[in-house]
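Examination of the molecular architecture
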Amino acid sequence: NAGVTQTPKFQVLKTGQSMTLQCAQDMNHEYMSWYRQDPGMGLRLIHYSVGAGITDQGEVPNGYNVSRSTTEDFPLRLLSAAPSQTSVYFCASSPGQFHSPLHFGNGTRLTVT
Amino acid sequence: GQQVMQIPQYQHVQEGEDFTTYCNSSTTLSNIQWYKQRPGGHPVFLIQLVKSGEVKKQKRLTFQFGEAKKNSSLHITATQTTDVGTYFCAVNSNTGNQFYFGTGTSLTVIP
């Protein structure tokens, strides 16, 4: 099993550009989520989904959109990138039951200049 | 959202010394999870604690959940260079749909 797959691994954007970070999982997990990791800030939840067709906001949703058209995929869209969005982004999934552990992808390192 | 404070932020130890990181919440927690992130890697689940006063061990790692379910600790006995990384605690929101992470403790082990 591949687990949680994120693409790309690295990305450089200019301010105002848009892009989509891809996340796919092959474990049939209902729950998927996006985090950003910044030095000294830990992991902060951006958006999450408890199943196909359902998404909700986390702690820091501004500037990001998500959709969940299938169980497997949960893309994160930056509509107009800003330097403040420079970060490492992690996608994570879990079976969905309360108390289930999160399985993380390898991350995408994004730089916005 | 759920707030969980984690201390210390950094810890440098000589190989063979012990290490402890703490997570504290102002509210009662339903559960707490611990993750390890190696440098350049992604967080990996270590363990989950659910019961008041629970203690779990994984080789040299000991995890504790406070009696009031408001704090937790991870203790590593006789650290090794393979223990290097950042250790995070994570807690569920009341609905269970959101995971809130502590700020992490970065462990450096000096050979």
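See above for the structure.
A brief structural summary. For every chain, the first residue of the written sequence is number 1, and numbering continues from 1 onward in sequence order. Chain letters and ligand numbers both follow the written order, the letters beginning at A and the numbers at 1. It should be noted that, the model being predicted, local features are given only for residues of pLDDT at least 70 and side-chain atom pairs only at 80 or more, the latter also being counted only at that level, while totals for whole chains, interfaces and linings use all residues. Excluded from the side-chain calculations are hydrogens and water; all other atoms, namely the structure's heavy atoms, are used.

1. Considerations on the overall build of chain A
Put simply, the rule is: Strands here mean DSSP runs of E at least two residues long; helices mean DSSP runs of H or I at least four residues long; both are numbered from the N terminus. Our radius of gyration looks at C-alpha atoms and nothing else; its globule reference is 2.2 Å times the residue count to the power 0.38. Using a 1.4 Å probe on the protein chains alone, a residue whose accessible area is under 20% of its type maximum counts as buried, one over 50% counts as exposed, and one in between counts as partly exposed. Whether two residues are in contact is decided by their heavy atoms, any of which lying within 4.5 Å being enough. The method behind every accessible area is Shrake-Rupley, applied with a 1.4 Å probe, and residues are considered shielded solely by the protein chains displayed. Charged residues are defined here as Lys and Arg on the positive side and Asp and Glu on the negative side; His and the ends of the chain fall outside this count. Where a charge lies is defined by one atom per residue type: Lys uses NZ, Arg uses CZ, Asp uses CG and Glu uses CD.
Along chain A, the regular secondary structure elements total zero helices and 11 strands. Mapped from its N terminus to its C terminus, chain A presents α and β elements in the order β-β-β-β-β-β-β-β-β-β-β. Computed over its C-alpha atoms, the radius of gyration of chain A comes to 13 Å, within 12% of the 13 Å expected for a compact globule of 113 residues. Principal axes of the C-alpha set define a box for chain A whose edges measure 40 × 30 × 25 Å. The buried share among the 113 residues of chain A stands at 47%. Residue pairs in contact within chain A that sit at least 24 positions apart in sequence constitute 53% of those at least 6 positions apart. Carbon and sulfur atoms make up 50% of the accessible area of chain A, which totals about 5100 Å². Where the 7 positive side-chain charges of chain A centre and where its 7 negative ones centre are 13 Å apart.

2. Observations regarding the pattern of salt bridges
In a structure, side chains of opposite charge can pair up when their charged atoms sit close to one another. The criterion, for reference: A carboxyl oxygen of Asp or Glu within 4 Å of a side-chain nitrogen of Lys or Arg is what we treat as a salt bridge.
Counted under the stated rule, the structure contains four salt bridges over all chains. The residue aspartate 38 of chain A makes a salt bridge to arginine 44 of chain A at a minimum N-O spacing of 2.8 Å. For arginine 44 of chain A, a relative accessible area of 22% puts it in the partly exposed group. The partner of aspartate 83 of chain B in a salt bridge is arginine 60 of chain B, and the shortest N-O contact between them spans 2.9 Å. Here aspartate 83 of chain B is found in the loop between β8 (71-76) and β9 (85-92), whereas its partner arginine 60 of chain B is found in the loop between β6 (55-58) and β7 (61-65), with 23 residues between them in sequence. For aspartate 83 of chain B, a relative accessible area of 5% corresponds to the buried category. Assessed through its relative accessible area of 23%, arginine 60 of chain B is described here as partly exposed. Counted as one network, the salt bridges with shared partners bring together Arg36, Asp38 and Arg44 of chain A.

3. Describing the interface of chain A and chain B
Just so we agree on the cut-off: What gets called buried area is simply the loss in accessible area from a 1.4 Å probe that two parts show on being joined, summed for both. Here a polar contact means two N or O atoms within 3.5 Å. Within protein one must be a hydrogen donor candidate and the other an acceptor candidate, and residues neighboring in sequence count only if both atoms are side-chain atoms. For this classification, the nonpolar set comprises Ala, Val, Leu, Ile, Met, Phe, Trp, Tyr, Cys and Pro, the charged set comprises Asp, Glu, Lys and Arg, and every other residue, Gly included, is treated as polar.
In this assembly, 22 residues from chain A lie in contact with 25 residues from chain B. Taking both sides of the interface into account, the surface hidden between chain A and chain B amounts to around 1800 Å²; carbon and sulfur atoms contribute 59%. At the boundary of chain A with chain B, the tally comes to zero salt bridges. The tally of links from chain A across to chain B stands at five residue pairs in polar contact (both at pLDDT 80 or more). For the side of chain A that touches chain B, the element with the most residues is strand β5 (residues 42-51) of chain A, which contributes five residues. For the side of chain A that touches chain B, the per-class residue count stands at 12 nonpolar, nine polar and one charged.

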